[in-house]
Amino acid sequence: MQVKAQARVISNQGTKLDQRARDPKTEQERDRARSRTSKIERKLPSQITKSRNIRNRPRITAKISETRWVDSKARDANGFKLWVSGCERGKNGVGILVDRDLRELVVEVRRVNDRLMAIKLAMGGSTLNVISAYAPQVGLDEEIKRRFWEEFDGLVCGILLTEKLFIGGNFNGHIGTTFGGYDSVHGGFGFGVRNERGIALLDCAKAFDLVIANSCFPKREEHLATFQSSLDKTKIDYLLLRKCDRSLCMDCKVIHIENLTTQHRLLVMDLKIVRKRRKRVVYGQPKIRWCTLTSDKA
């Protein structure tokens, strides 16, 4: 017997832009302004769980970054389970929020550092891996960026190909509006102008046979831009899954009416996962099939 269950994977990065920031002229200045003035709203987990787009979905996993919490423990958030990973107070930090119906299915939590973490869920006959990532911003040392991608590669390589993989987070890069030689991972519905960090994400997705879900569906501009402020509108948050699981993704878009934070928008991916249910074994007297009895067998 097969049971179809809908799941909703959400990525949100909570930041608040300082209104005193000057008007940046270049892309590098805009990224530096976001990095320098961003502050996490500590009520974000509560806001996420109270969102109607989450509350109406019985099965959900949410990935958040820039939590800025020094913690490596789990905590409750309105019945949901929140795992966070942070090393230095007021800096970086990632987290994964799991629905109350799925919290008991989590079998492993792996915290790599304050930019990477993953959880593993056992659902019926399937194993799901969820990774939350927060890539380094522009202006940081190249060694930090290199170390992030090496640890990200190691985390993905440690997941078996037979297991399902979903990745979400703030990669601080632009993948561009068209394929541009990455038709195997880019769906052709991007936003903005491709830059170096966007190319790094595309190369990584191509190496691991991943597809960027929020580039695969034609959407209006307000459903594509994941970051919006008075100074900028861009797409830096992404959700990825294995290419072989592309058929599971029914939709992926930005919920622009959900004002969880002042900058980042709620990025949602709807999945349809088939869960195999074991057939119950009934012990008792064996049934005689009289209809198959013939004169030759009598």
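These numbers were taken from a predicted model, which means no experiment stands behind them.

**A look at the side chain of Lys-235**
If you trace the backbone, Lys-235 turns up in the loop between β12 (233–234) and β13 (237–242). Buried and unpaired, Lys-235 has Asp-237 as its nearest opposite-charge partner, separated by 10 Å. A distance of 2.5 Å separates a polar atom in the side chain of Lys-235 from the backbone oxygen of Asn-214. Apart from the residues within four sequence positions on either side, Lys-235 is in contact with Gly-173, His-174, Phe-189, Gly-190, Phe-191, Asn-214, Ser-215, Leu-224 and Thr-226.

**Some details on the sheet that holds strand β10 (residues 210–212)**
Pairing is mixed in the open sheet, where six strands are placed in the order β6-β7-β8-β9-β13-β10. Because the sheet does not close on itself, it has two edges, and the strands there are β6 (106–111) and β10. Strand-to-strand twist of the sheet, defined as the mean angle between neighbouring strand axes without regard to direction, takes the value 20°. Of the strand pairs in this sheet, strand β9 (residues 164–170) and β13 are connected by five bridges, and their pairing is antiparallel. Looking at β13, one finds that Phe-166 is bridged to Leu-241. Across the sheet, helix α4 (residues 142–157) lies against β6, β7 (116–123), β8 (126–134) and β9, angled at about 15° from β7, the strand it touches most.

**Section: the environment of Thr-177**
Relative to the assigned elements, Thr-177 resides in the loop between β9 and α5 (196–207). Measuring from C-alpha to C-alpha, the distance between Thr-177 and Ser-215 comes to 8.4 Å, with 38 residues separating the pair along the chain. Other than its neighbours up to four places away in sequence, Thr-177 contacts His-186, Gly-188, Phe-189, Gly-190, Phe-191 and Gly-192.

**Focus on the packing of α4 against α5**
Running from N to C, α4 and α5 cross one another at 20°; their axes reach a closest spacing of 12 Å. Taken together, the axes of α4 and α5 are roughly parallel relative to one another. α4 and α5 meet at a crossing whose hand is right-handed. Across the interface between the two elements, Trp-149, Phe-152 and Asp-153 of α4 pack against Ala-200, Leu-201 and Cys-204 of α5.

**Quick word on the nonpolar core**
In terms of nonpolar packing, the biggest core is built from 27 residues, with Leu-121, Cys-249, Cys-252 and Met-269 touching the most fellow members. Those elements that provide at least two residues to this core are β5 (94–98), β7, β8, β13, β14 (249–255) and β15 (266–276). If sequence neighbours within four positions are ignored, Cys-252 has contacts with Ala-213, Asn-214, Phe-217, Lys-219, Leu-239, Leu-267, Val-268 and Met-269. In this structure, Phe-148, Trp-149, Ala-205 and Ile-212 belong to the second largest nonpolar core, which totals 26 residues.

Criteria and thresholds
Residues numbered from 1 in each chain as written. Predicted model: local features only at pLDDT ≥ 70, side-chain atom pairs only at ≥ 80, totals over all residues. Heavy atoms only, no water. Helix = DSSP H or I, 4+ residues; strand = E, 2+ residues; numbered from the N terminus. Buried < 20%, exposed > 50% of the residue type's maximum accessible area, 1.4 Å probe, protein only. Lys, Arg positive; Asp, Glu negative; His and termini not counted. Salt bridge = Lys/Arg side-chain N within 4 Å of Asp/Glu carboxyl O. Polar contact = N/O pair within 3.5 Å; in protein donor to acceptor, adjacent residues only side chain to side chain. Contact = heavy atoms within 4.5 Å. Pairing = 2+ DSSP bridges. Axes fitted to C-alpha atoms, helices over the stretch in contact; angles between N-to-C directions. Parallel < 35°, antiparallel > 145°, perpendicular 65-115°, else oblique. Left-handed = near helix turned anticlockwise from the far one by under 90°. Core = buried A, V, L, I, M, F, W, Y, C linked by side-chain atoms within 4.5 Å.

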